[in-house]
Amino acid sequence: MKFALKLEVTEESSSTIVRNIHESFRMLGDALLIAKGIEPQDHLQSVKELLKTKVETSRPLNTIDNLRRLRNIISYYGYRPKINEVQNAISIAKSCFKPLAIKIKKDLTN
């Protein structure tokens, strides 16, 4: 996530930033599933697991699913996100990722 947030937002970097932000959230969801002994089957499953997490964030957790959908149209349909979509993805990352990561790490070490 740190790398994705360091990238300059341009038309050329837009897809990479959104994909990397989504991937970082997906990996958190995968960690939750694996800790429960479940092999993640797809990105939706990982995101749904994140959305079950009880954590306070400044933006709703369900916005993470919007990132998944945006990433899908980027990856499978060649969509290039607009600058405001990238800025929204960055906002979601800044408001949700750290609280989620802290909570998940705490839950997994207890």
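Before reading further, recall that the structure is shown in the block above.
Residues numbered from 1 in each chain as written. Predicted model: local features only at pLDDT ≥ 70, side-chain atom pairs only at ≥ 80, totals over all residues. Heavy atoms only, no water.

Caption draft 1: Spotlight on the nonpolar core. One finds Ile21, Phe25, Leu50, Ile64 and Leu100 to be the most contacted residues of the largest nonpolar core, which totals 23 residues. For this core, the secondary structure elements donating two or more residues are helix H2 (14–35), helix H3 (43–51), helix H4 (63–77) and helix H5 (83–109). Broken down by element, the residue count for this core peaks at nine residues, all from H5. When sequence neighbours within four positions are dropped, the list of residues in contact with Leu50 reads Phe25, Leu28, Gly29, Leu32, Leu61, Ile64, Leu100 and Ile104. (Core = buried A, V, L, I, M, F, W, Y, C linked by side-chain atoms within 4.5 Å. Buried < 20%, exposed > 50% of the residue type's maximum accessible area, 1.4 Å probe, protein only. Helix = DSSP H or I, 4+ residues; strand = E, 2+ residues; numbered from the N terminus. Contact = heavy atoms within 4.5 Å.)

Caption draft 2: Focus on a nonpolar patch on the surface. The grouping of Ile73, Tyr76 and Tyr77 at the surface amounts to a nonpolar patch, some 390 Å² of accessible area in total. As for its position among the elements, Tyr77 is in helix H4. Exposure remark for Tyr77: the relative accessible area of 69% places this residue in the exposed category. (Patch = residues over 30% accessible without salt bridge, like charges linked within 9 Å, V, L, I, M, F, W, Y side chains within 5 Å. Areas by Shrake-Rupley, 256 points an atom, 1.4 Å probe, with all protein chains shown as cover. Salt bridge = Lys/Arg side-chain N within 4 Å of Asp/Glu carboxyl O.)

Caption draft 3: Summary view of the environment of Lys6. Mapping Lys6 onto the fold places it in helix H1 (residues 2–6). Exposure remark for Lys6: the relative accessible area of 70% places this residue in the exposed category. Sequence separation between Lys6 and Lys82 is 76 residues, and the spatial gap between their C-alpha atoms is 18 Å.

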